[in-house]
Every structure is written in structure tokens, then in C-alpha cells.
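Listed below, chain by chain, are the residues.
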Amino acid sequence: MRPDPGSPQLTRTLALQIRRHALRMVTQARASHIGSALSIADIVAVLYGAVLKLDPANPRAARRDRFILSKGHACVAVYAALAETGFFPRAWLDSYGAPDSPLLNHISHSVPGAEFSTGSLGHGLPFGAGKALALRRVRAPSRVFVLMSDGELDEGSNWEAFMFAAHHKLDRLHAIIDYNKLQSLTSITRTLGLEPLADKLRAFGWAVREVDGHNHEALQAALGEAQPGQPSALIAHTTKGKGVSFMEDQVAWHYRSPDAAQLTQALAELEAHHA
Amino acid sequence: MRDAFIAELVAQAESDDKVVLLVGDLGWSVIEPFAERFPDRFFNAGVAEQNMLGLAAGLASEGCRVFAYSIANFPTFRCAEQLRNDVDHHVLPVTIVAVGGGLAYGNLGYSHHAVQDYGLVRMLPNMLIAAPGDPQEVRACMRYLADSPGPAYLRLGKAGEPSLHAAPPRVSPGEWLTLREGDGSGRSFLCTGTTLAATLRRVEADPLLAGHAVHSLPLWGARHKARQLDQLAAWQAIVSVEDHYADCGFGSWLLEAKNAAGIDTQVTIEALTPPPAHPLSPSLPEGAPTCP
Ligand SMILES: [Mg+2]
């Protein structure tokens, strides 16, 4: 296990690596969803760099924390984090998009460190609640983190799970909502408004916090915070495409993949911003 | 059948603390023996089948052997994708326990008629269908599932079915059980699920059918077609019997198995036929408003 919290300096460097890998992977694979991956890069970096208790040498260790990516289309961010933290060789990332690659374009449980295959939305939270229920029965110290999208909250299965988890006081279950205000066709507001989201989740019995989803100090303080007897929801306010000026807040980058010039520009922007 | 199921489940839970029962707010006067004896392993997920199946998969991924109990269409069609992605794709030890297979719920109507469930479940490559023909086969299937955990669909009738075997038979996926030997003329009925009792009565009552053998096939599914070939080849003519539509049902599964191997056994399917269509608004009255 790696119980020592990484410093914000370390997790910011991890986030930079995640963004670099994610951009290269979708470019080489001509794949979609780069905006979604950049949106969660900081959350994923803080989770893997400072919060999750994991052992890359033993990805199925009984006492590990469980992390489920419910928005499976943003998988490149998680594959990059798994490679950077030692779950598999970085070279595997180069296979992304190849016909025989284990790294499918929605997260796959055949990849070391990935708990659960998703891709259809609304599956992660019920599954995570089941894990939390099982882990409580055996008094395991493990926590269960489920990273969800905002558009995903349209799915009724999530609200079934919100009810169940609060009723059963699953206080080791953590939902993280990547609230970038965009969904697949247009904004959340113009599709199915979620506000008042925090109040909704509180009314469902969850302990709710809100955070800037790109601020590493704030994320590190908030992720894993829990109230006894209540499941926790962290609403992370994010920007889709974060870190690359021409991708930020643009629905088009849910679909498009960068060309060579765009990749060069995007990588240059990341370096300049990090320096 | 329901009572045999719960008795067997309680017996298994006594010796295996990984056995967990989920219900979708159903099972009154059936599930109490388990719920009272193992309150920490019994969860009513409420009227929320998508979540129930996700919970089942999550529990199973942590080593639990999960039984998810409901009326047949609810834990299948209502949450087909959870069954497909969460349970079947991850090959998790979750048994859907479906009561009211076929037309068992009669006048409760179409919502409660499970006449397409085999079709859904048999498309999922890792699911084992367990459709026992009597309470003894229920016990036998439950014991098989305990020894070979994996994704499964246990399809039960209701209550009060007669016992047709003296004791729980030995069952194995794809393997026919002999209920009646026949006269050597090479003709047999092959039943799955609760059609077994009626078929036996019919053969015993009808002199024209007296020479037929009767078999039951309680365990089958996508991975068990090859096992049919030797058994089919030993017979001249098989009549498959199921309380399910012919489309995508048991008989069509058997035909797919037969055709793949080019066996010349004659297979006849006895199955349910959908009733004539009954539209909500058969005709609009004179002068009724129409959509612009
Ligand atoms: Mg979004």
C-alpha cells in the first residue's frame, strides 16, 4: 500500500503526465472523449497520487481502496494514472486503439488495477454500493470511490443507488461528480438541469461537499472526507477539456481527436502552464 | 418450488457465510425463513431492479454468492443491461431467482407472463439457465450452483408443483434426465422447466403417446449446445416442450445445436404462440382530433 499522501507538487506533476498521455493516446488512436479525460485529470491524479490506498504489485489486495470509473469513456486518464503509478508498463499506453490492445476505449477490467468495465452510464454507483455493502460485512478498512459524470446523473439507476446507499448508511462509499456542466450534445442546463444538485443529494441523505475540481490542495482535503453513517458525495466543479485552451468548454472535443498540429499546440500549452 | 428453493438456500447459507439474498420487494411468505435467520445477509433493494442487479454484481465481485429474487420479467427485462454488462460480462456468481416462469401468474396478465425470458438470458454467453421441472430438480440445481458458482438464471414456477423424482437427481449442464424410458421406438419428449409434470400426465393418459420417453433438461444455456449432439443422435424424433414463445426459446436453442452438427433427428417444437395483437386504440372515432 502507499498510505503516504503525495504532495500537491507531486500530484500536479502526475496530472501533467496524465494529460500528456491522454492527448497522445487519443491522437494516435483517432479516438474521442479527450475533453472528458482532461476534465477529470486532476481528480484522478489526486486520487492515485495521494488518496487511494493501493498496491500496484498486488492489484487485488484485500485491504485496497476500490476505485470505479463510472464514466468509462474517460478511461485514458485512468490508464495513464495506472501506468504512471506502476500497475503496468507505460509502453502499454502506446497500444491504445490497436485492435489487440487490452486498453479498450471504455475502461476494461482486463487491465491491471481497473476494477470494473463500464461504458454504458449509470452502472458504477450501484456496483460500488454493492462493494461497500460487502466490505462492511467483513469489516474491511477499504473505501469505495465512484467517479461519475454530470450527464450520467440523468440515469435513474443512480438515484436508486443514492437512495439505497443512504438508507443503508454506507459511509465508506464516495461518489465524485465531475460537474463540467456539459453533456454529450449540449450543456446540462439545456438538457436536463441538475440544480440544485447539492441540495438534491443532501435530501437523498448524502453528506455533500463542493470543491474546485482542478485545485489539488482542495481536492486532497476533500477526497475521502466522510461523515459517520452517511455516504459522501463530492461535487467537483470542473472544466471539460481543462488545460488546452481550444478544447475547454467545447462539446466538439467530446468527439474530435486532435491532429498532429493540435497535439503539438496542446502539449506546449500544458508545459507552459505547468512551468 | 419456491419452498424447495428457500429451504435449499437456507441450508447452503448455514454452511457458507458468503451466501447473500437480495429481493426486489417481493417474496412475501417465501423468503422469511432466510430473512429471519440471516438478517445481516438479507437486503430488500426495494422496487429498483437496476440497482438490485448492480448491487448483486458489486457484492459478488467481493466474494459473495448472491441470489437476487423477483418476479421473472423484473430482474431480467427491466434491467437487461445490468444483467448483460455487470453480471454476465464480469462472470460473477449471481443467480437471478425468477418466480412465475411461463404463464404461472395467469390472470395477473402480460406484465407477469415470463414468455420471452429464456430468449433474453440465453443470448448472454456466461449465463447458465436453471429451469427445474419439479421441487427435486430445484434442490439439485441449487446444489449444482453451490458447487459451480457463476452467472445463472433460476426459473421457478410458483408453489405446489408435484415431486416427480424420488430424490434430488444428479444434474449437469446440458445433460438430459430420464423420467420415462419409452418403448424403444426412438421417440421422446424433452421438457425444460415446469412443463415436465403436464407432459408426464399427458403421456400416461394418451395411449397414442404411451411409447414415448420423457426427459427433462434443467440446466442449459449458450455454452452447452455441443453437449446436445450425442443425446439428440440417440433418438429418431424429439418433441421439445417449453412454456415460452417459440422464438428464441428452448426448442430453437435445441435446433441451433442440432443444425450446427447436421444430425438428422427430427425435432418438433411445442411452445407458446403470441396472442393476436390488441392495440390500445384500434380505430379513431369519426371526427376525432389527429396529431398535427
Ligand atoms: Mg459532463
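Residues numbered from 1 in each chain as written. Chains lettered and ligands numbered in written order. Predicted model: local features only at pLDDT ≥ 70, side-chain atom pairs only at ≥ 80, totals over all residues. Heavy atoms only, no water.

### Focus on the interface of chain A and chain B
For step 1, the next point in the chain: The partner chain B presents 27 residues to the 23 residues of chain A that form the contact.
For step 2, the next point in the chain: It is His123, Arg137 and Glu160 of chain A in chain A that bury the most area against chain B; as a group they hold 32% of the surface buried on that side.
For step 3, the next point in the chain: Linking chain A with chain B are two salt bridges, by the criterion used here.
For step 4, the next point in the chain: With its nearest N and O atoms 2.7 Å apart, the salt bridge here joins Glu62 of chain B to Arg66 of chain A. (Contact = heavy atoms within 4.5 Å. Buried area = accessible area lost by both parts, 1.4 Å probe. Salt bridge = Lys/Arg side-chain N within 4 Å of Asp/Glu carboxyl O.)

### Overview of the packing of aromatic side chains
Where two aromatic rings form a pair, the distance of their centres and the angle of their planes describe that pair.
For step 1, the next point in the chain: All chains considered together, the criterion is met by 16 aromatic pairs over all chains.
For step 2, the next point in the chain: Between Phe246 of chain A and Trp253 of chain A the ring centres are 5.7 Å apart and the planes differ by 65°, which places this aromatic pair in the edge-to-face class.
For step 3, the next point in the chain: Taken together, the ring pairs connect Trp159, Phe162, Phe204 and Trp206 of chain A into an aromatic cluster.
For step 4, the next point in the chain: If you follow Arg256 of chain A out to its NZ or CZ, it ends over the ring of Trp253 of chain A, 5.6 Å from the centre.
For step 5, the next point in the chain: In this structure, Arg155 of chain B is placed above the aromatic ring of Tyr118 of chain B, and the distance from its NZ or CZ to the ring centre is 4.1 Å. (Phe/Tyr/Trp six-rings, centres within 6.5 Å; stacked < 30°, edge-to-face > 60°. Lys NZ or Arg CZ within 6 Å of the ring centre and 35° of its normal.)

### Here we look at the domain arrangement of chain B
Residues and elements named next belong to chain B.
For step 1, the next point in the chain: Domain annotation of chain B identifies domain 1 (2–156) and domain 2 (177–272).
For step 2, the next point in the chain: With 25 residues of domain 1 at the contact, the number on the domain 2 side is 27 residues.
For step 3, the next point in the chain: Summed over both partners, the interface of domain 1 with domain 2 buries about 1900 Å², with 57% contributed by carbon and sulfur atoms.
For step 4, the next point in the chain: Note that Asp243 and Arg155 form a salt bridge whose closest N and O atoms lie 2.7 Å from each other.
For step 5, the next point in the chain: For the side of domain 1 that touches domain 2, the secondary structure elements donating two or more residues are α5 (117–121), β5 (128–130) and α6 (135–147).
For step 6, the next point in the chain: Classifying every residue of the side of domain 1 that touches domain 2 by side-chain character gives 15 nonpolar, six polar and four charged. (Domains from an automatic or database assignment. Helix = DSSP H or I, 4+ residues; strand = E, 2+ residues; numbered from the N terminus. Nonpolar A, V, L, I, M, F, W, Y, C, P; charged D, E, K, R; others polar.)

### Some details on empty space enclosed by the protein
Residues and elements named next belong to chain A.
For step 1, the next point in the chain: With the rule as written, the count across this model stands at four cavities of 30 Å³ or more.
For step 2, the next point in the chain: The volume enclosed by the largest cavity comes to roughly 90 Å³.
For step 3, the next point in the chain: Along its surface, the largest cavity is lined by Tyr48, Leu52, Leu54, Pro59, Arg60, Arg64, Phe67, Leu82, Phe87, Gly113, Ala114 and Glu115.
For step 4, the next point in the chain: In the lining of the largest cavity, the residues fall into eight nonpolar, one polar and three charged.
For step 5, the next point in the chain: Estimated volume of the second largest cavity: approximately 60 Å³.
For step 6, the next point in the chain: Forming the walls of the second largest cavity are His174, Ala175, Ile176, Arg209, Ala222, Leu223, Gly224, Glu225, Ser232, Ala233 and Leu234.
For step 7, the next point in the chain: Of all the secondary-structure elements, those providing two or more residues to the lining of the second largest cavity are β3 (173–179) and β5 (232–237).
For step 8, the next point in the chain: In the lining of the second largest cavity, the residues fall into six nonpolar, three polar and two charged. (1 Å grid on protein atoms, 1.4 Å probe; cavity = no way out; pocket = protein on both sides within 12 Å on 5 of 7 lines; lining within 4 Å. Points joined across faces, edges and corners; volume = space filled by probe spheres on them.)

### Re the sheet that holds strand β2 (residues 144–149) of chain A
The strands making up a sheet associate through backbone hydrogen bonding, with each pair oriented either parallel or antiparallel.
Residue and element names in this part refer to chain A.
For step 1, the next point in the chain: Here five strands make up an open sheet; going across it, the order is β1-β2-β3-β5-β4 and the pairing parallel. At either margin of the open sheet sits one strand with a lone partner, and together these are β1 (66–69) and β4 (207–212). For this sheet, the mean angle separating the axes of adjacent strands, direction not counted, is 20°.
For step 2, the next point in the chain: Pairing analysis gives four bridges linking β1 to β2, with the strands arranged parallel. Along β2, the bridge assignment pairs Arg66 with Val144.
For step 3, the next point in the chain: With respect to the sheet, helix α4 (residues 124–137) is in contact with β1, β2 and β3, its orientation differing from that of β2 by roughly 170°. (Pairing = 2+ DSSP bridges. Axes fitted to C-alpha atoms, helices over the stretch in contact; angles between N-to-C directions.)

### Here we look at the pairing of strand β3 (residues 65–71) of chain B
Residue and element names in this part refer to chain B.
For step 1, the next point in the chain: Taken across its seven residues, β3 has seven buried, putting it largely inside the fold.
For step 2, the next point in the chain: Bridge count between strand β1 (residues 19–23) and β3: five bridges; the pairing is parallel. When the bridges of β3 are listed, Val23 appears paired with Tyr69.
For step 3, the next point in the chain: One ladder, built from six bridges, connects β3 with strand β4 (residues 94–99); its direction is parallel. When the bridges of β4 are listed, Ser70 appears paired with Ala98. (Buried < 20%, exposed > 50% of the residue type's maximum accessible area, 1.4 Å probe, protein only.)

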